[in-house]
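Listed below are the residues making up each chain.
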Amino acid sequence: MRRAVCPGSFDPIHNGHLDIIERASKLYDVVHVAVLVNRNKQGMFTIDERIGLIEEVTADFGNVVVESHQGLLVDFCRERGIPAIVKGLRAVSDFDYELQMAHMNNGLTAVETLFLPTSPTYSFLSSTLVKEVASYGGDVSHLLPEAVHSRLVERIAERKAAQ
């Protein structure tokens, strides 16, 4: 069985992420989406909320497993027998960093990294940018799955009400 992992913080998952996960799901029998835990960052959504949103928007793919992981990605891969990491690249600047990570991961455990170029439609997109624009009332509905957009708008309203 061919298996790969698509790692990230996914706070929140956007159409660029979804594009990479969907394309990976056509190349591999099982795609694990690893929601990486960073205790130093306060996210817009909890890890469990992110997992639930990702499961909801990838359900139609039929071969995506969503889990959280804290620590080294190569440990996640080793524990599950996953030989490949799939990463989306938006720009040359992504490549510089991701290539270093790919070499390090391969050197640690022989896990391979497959780079997929992001669709030009989403080449500028990041979760940080989506959250920032949405927090100022900008329309990001075309950049997110509908369920994620609804939840993002709700969360921003909750935070503003709490201030």
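Refer to the structure presented above.
Residues numbered from 1 in each chain as written. Predicted model: local features only at pLDDT ≥ 70, side-chain atom pairs only at ≥ 80, totals over all residues. Heavy atoms only, no water.

Burial analysis of strand 1 (residues 3-8) places six of its six residues in the buried class, the great majority of the element. A two-sided burial pattern is seen for strand 1, the buried positions comprising Arg3, Val5 and Pro7 on one face and Ala4, Cys6 and Gly8 on the other. For strand 1 and strand 2 (residues 30-36), the ladder comprises six bridges, and the chain directions are parallel. The residue of strand 2 that forms the bridge with Ala4 is Val31. Between the parallel pair strand 1 and strand 2, the chain is carried across by helix 1 (residues 15-27), and the sense of this crossover is right-handed. Sheet analysis places strand 1 next to strand 4 (residues 84-89), joined by two bridges and oriented parallel. Looking at strand 4, one finds that Ala4 is bridged to Ala84. (Buried < 20%, exposed > 50% of the residue type's maximum accessible area, 1.4 Å probe, protein only. Helix = DSSP H or I, 4+ residues; strand = E, 2+ residues; numbered from the N terminus. Pairing = 2+ DSSP bridges. Right-handed = clockwise from strand over helix to strand, strands pointing away.)

This part takes up the packing of helix 2 (residues 47-58) against helix 6 (residues 146-162). Contact geometry of helix 2 with helix 6 gives a least axis separation of 10 Å together with a crossing angle of 155°. Classified by the angle their axes make, helix 2 and helix 6 are roughly antiparallel. Here Glu49, Leu53, Glu56 and Val57 of helix 2 come into contact with helix 6, specifically with Ala147, Val148, Arg151 and Arg155. Along the lines of polarity and charge, the residues of the contact of helix 2 with helix 6 split into four nonpolar, no polar and four charged. (Axes fitted to C-alpha atoms, helices over the stretch in contact; angles between N-to-C directions. Parallel < 35°, antiparallel > 145°, perpendicular 65-115°, else oblique. Contact = heavy atoms within 4.5 Å. Nonpolar A, V, L, I, M, F, W, Y, C, P; charged D, E, K, R; others polar.)

Turning next to the layout of surface pockets. Approximately 1400 Å³ is the volume attributed to the largest pocket. In terms of lining residues, the largest pocket is bounded by 48 residues, among which Pro7, Gly8, Ser9, Leu36 and Lys87 are the most central. Of all the elements in the fold, those that place two or more residues in the lining of the largest pocket are strand 1, helix 1, helix 2, helix 3 (73-80), strand 4, helix 4 (92-109) and helix 5 (127-135). A total of eight residues in the lining of the largest pocket trace back to one element, the largest contributor, which is helix 4. Residue composition of the lining of the largest pocket, by class: 21 nonpolar, 18 polar and nine charged. (1 Å grid on protein atoms, 1.4 Å probe; cavity = no way out; pocket = protein on both sides within 12 Å on 5 of 7 lines; lining within 4 Å. Points joined across faces, edges and corners; volume = space filled by probe spheres on them.)

Before going further, it helps to spend a moment on the nonpolar core. Formed by 33 residues in total, the largest nonpolar core has its most connected members in Ile13, Val86 and Leu152. When residues no more than four places from it in sequence are discounted, the contact partners of Leu152 are Met44, Phe45, Val130, Lys131, Ala134, Val140 and Leu144. Counting eight residues, the second-largest nonpolar core is a separate cluster that includes Val5, Leu73, Cys77 and Ile85. (Core = buried A, V, L, I, M, F, W, Y, C linked by side-chain atoms within 4.5 Å.)

Without other data, these values stay purely geometric and don't point to any function.
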